[in-house]
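Residue-level structure breakdown
The chain contents come next:
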Amino acid sequence: MLKKLMPCVGRYKVYAVLAPIMMLIEVAMEVLLPIVMKEIIDNGISAQNTEYCLRMGLLMIGMSLFSMMGGALSGKFAAIAGTGFAKGVRKSLFEKIQDFSFYNVDRYSTASFVTRLTTDVTNTQMAFMTVIRILVRGPAMLIFATAMAITINARMSLIFAVAIPVLAVSLFFIMTKAHPRFKIMLKKYDNLNSTVQEDLVAIHTVKSFVREDYENKKFMDCSEEVRKTQVHAEKLIILNGPIMQLCMYGCMIAVFFFGANLTINGMMTTGDITSFITYIMQI
């Protein structure tokens, strides 16, 4: 599948490469910012060193601007690459349909062709943009933030050994259960497109036989089927948020509970706790 899709990127390959590179720059700055904040808390605020706080604050501003630049350029390059990729996929699909035999044309409905060239291509474009941005940002943030948390306190980092597997298993379960529901939703979209096409082609016939009410009801039924299947799929996907929030705040409670004792014993500082909390949110 990848061998067939990757040539569709065409002359937009440069943008497809630059997008993840800019994303890595953004991630690197975001991961380093908590370390600078830690230094401000431990060496600036605790020592009441205003000059040190101002100097490190300016460094944080510079890093934030650099991170913002990386994120903005990554979004721009991903949008260009994604749009170019969609253009290539749509062109390849259209050429393939033109080569279909009469058997294949009869086998696939016109509504199905319309769905493939519109909705499916758009979904493919969004998936491609997600791959070159979020699929790079997610693992990079996970690896870098976990590594920085381990450098702060390896014992405290054992919290992630429990939270990350729980989160991974939960998300994998949601993904495997949601995929079949979205496949059913796409079939309902085909029926909706078929209904719209029939009404447009035979609009004079519908008016001649005064079948407007029947066709309106038919269209509303198809629309309702699309709505039901989409809600059925989306209500499973929205569980991602609560599960992530549960894991994140569970980790925070554990950090505050164990970190308090470590701070009292001098094994961690206030800045360490603050930066550790930030890394939990990033992970």
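A brief structural summary. (Residues numbered from 1 in each chain as written. Predicted model: local features only at pLDDT ≥ 70, side-chain atom pairs only at ≥ 80, totals over all residues. Heavy atoms only, no water.)

1. Here's the deal with the overall build of the protein chain
Put simply, the test is: Under the DSSP-based scheme used, a helix requires at least four consecutive residues in state H or I and a strand at least two consecutive residues in state E, with every element numbered from the N terminus. A radius of gyration in this sense is built from C-alpha atoms; the matching globule rule multiplies 2.2 Å by the number of residues raised to 0.38. Three exposure classes are used, based on accessible area relative to the maximum for each residue type with a 1.4 Å probe and protein chains only: buried under 20%, partly exposed in between, and exposed over 50%. In this description, contact between two residues means that some pair of their heavy atoms is separated by no more than 4.5 Å. Under the convention used here, a 1.4 Å probe and the Shrake-Rupley method define accessible areas, while residue burial counts only the protein chains that appear. We score Asp and Glu as negative and Lys and Arg as positive, and we do not count His or the chain ends. For this purpose, a charge sits on NZ of Lys, CZ of Arg, CG of Asp or CD of Glu.
Counting its secondary structure elements, the protein chain contains eleven helices and zero strands. Secondary structure of the protein chain in N-to-C order comes out as α-α-α-α-α-α-α-α-α-α-α. By the compact-globule yardstick of 19 Å for 283 residues, the protein chain is too spread out, its C-alpha radius of gyration being 26 Å. In terms of principal-axis extent, the alpha carbons of the protein chain reach across some 85 × 40 × 30 Å. A buried classification covers 34% of the 283 residues belonging to the protein chain. Summarising the internal contacts of the protein chain: among those between residues at least 6 apart in sequence, 82% fall at separations of at least 24. If you sum the accessible surface of the protein chain, you get close to 17,500 Å²; carbon and sulfur atoms cover 69% of it. Separation of charge centres in the protein chain, based on 28 positive and 20 negative side chains, amounts to 6 Å.

2. Considering the side chain of Asp-42
Note the following rule: Pairs of N or O atoms within 3.5 Å make up the polar contacts considered here, provided that, within protein, one atom can donate a hydrogen while the other can accept it, and that residues adjacent in sequence are counted only when both atoms are side-chain atoms.
If you trace the backbone, Asp-42 turns up in helix 2 (residues 13–45). Of the polar contacts made by the side chain of Asp-42, one reaches the side chain of Thr-269; its length is 2.7 Å. Among all residues touching Asp-42, those that are not within four sequence positions of it are Thr-269, Thr-270, Gly-271 and Asp-272.

3. Thoughts on helix 6 (residues 134–152)
We apply this condition: In a helix, the anticipated span is given by 1.5 Å times the number of residues less one.
Given a rise of 1.5 Å per residue, 19 residues ought to cover 27 Å, and the 26 Å separating the end C-alpha atoms of helix 6 matches this to within 8%. When we look at burial in helix 6, the residues that qualify are Ala-140, Met-141, Ala-145, Thr-146, Ala-149 and Ile-152. On its buried face, helix 6 is in contact with helix 2, helix 7 (158–201) and helix 11 (270–282).

4. A few points about helix 7
Stated formally: One axis is fitted to the seven residues ending at the residue and one to the seven starting there. The bend at that residue is the angle between these axes.
Given a rise of 1.5 Å per residue, 44 residues ought to cover 64 Å, and the 64 Å separating the end C-alpha atoms of helix 7 matches this to within 8%. At Ala-178, helix 7 shows its largest bend, some 25°, and a proline, Pro-180, comes one to four positions later. Every buried residue of helix 7 is accounted for by Ile-159, Phe-160, Ala-163, Leu-167, Ser-170, Ile-174, Ala-178, Met-185, Asp-190, Leu-192 and Thr-195.

5. Looking at the environment of Asn-123
Tracing the sequence through the fold places Asn-123 in helix 5 (residues 110–132). On the basis of relative accessible area, Asn-123 is assigned to the partly exposed category, the value being 41%. Sequence separation between Asn-123 and Val-27 is 96 residues; the distance between their C-alpha atoms is 26 Å.

6. Things to note about the packing of helix 10 (residues 240–264) against helix 11
To be explicit about the condition: Think of each axis as a best-fit line through the C-alpha atoms, taken over the contacting stretch in the case of a helix, with angles from 0 to 180 degrees between the N-to-C directions. With respect to orientation, any angle under 35 degrees is reported as roughly parallel, any angle over 145 as roughly antiparallel, any angle of 65 to 115 as roughly perpendicular, and every other angle as oblique. Each crossing is labelled by how the near helix is turned from the far one, with a counterclockwise turn of less than a right angle marking it left-handed and a clockwise turn marking it right-handed. Under the convention adopted here, Pro, Cys and the residues Ala, Val, Leu, Ile, Met, Phe, Trp and Tyr are nonpolar, Asp, Glu, Lys and Arg are charged, and Gly plus all remaining residues are polar.
The geometry of helix 10 relative to helix 11 is characterised by a closest axis approach of 10 Å and an angle of 160° between their N-to-C directions. One element, helix 10, and the other, helix 11, form an angle in the roughly antiparallel class. For the pair helix 10 and helix 11, the sense of crossing is right-handed. Contacts between helix 10 and helix 11 involve Met-248, Cys-251, Met-252, Val-255, Phe-256, Gly-259 and Thr-263 from the first element and Ile-273, Phe-276, Ile-277, Ile-280 and Met-281 from the second. The residue makeup of the contact of helix 10 with helix 11, split by class, is ten nonpolar, two polar and no charged.

7. Some details on the nonpolar core
Here is the rule we go by: Side-chain atoms within 4.5 Å link the members of a nonpolar core, which is a set of buried Ala, Val, Leu, Ile, Met, Phe, Trp, Tyr and Cys residues.
Of all hydrophobic cores here, the largest spans 24 residues; its most connected members are Met-156, Val-255, Phe-276 and Ile-280. Counting residues per element, the ones that place at least two in this core are helix 2, helix 6, helix 7, helix 10 and helix 11. When residues in this core are grouped by element, the largest group, six residues, is from helix 10. For Met-156, the contacting residues outside a window of four places in its chain are Val-255, Phe-258, Gly-259, Leu-262, Met-268 and Phe-276.

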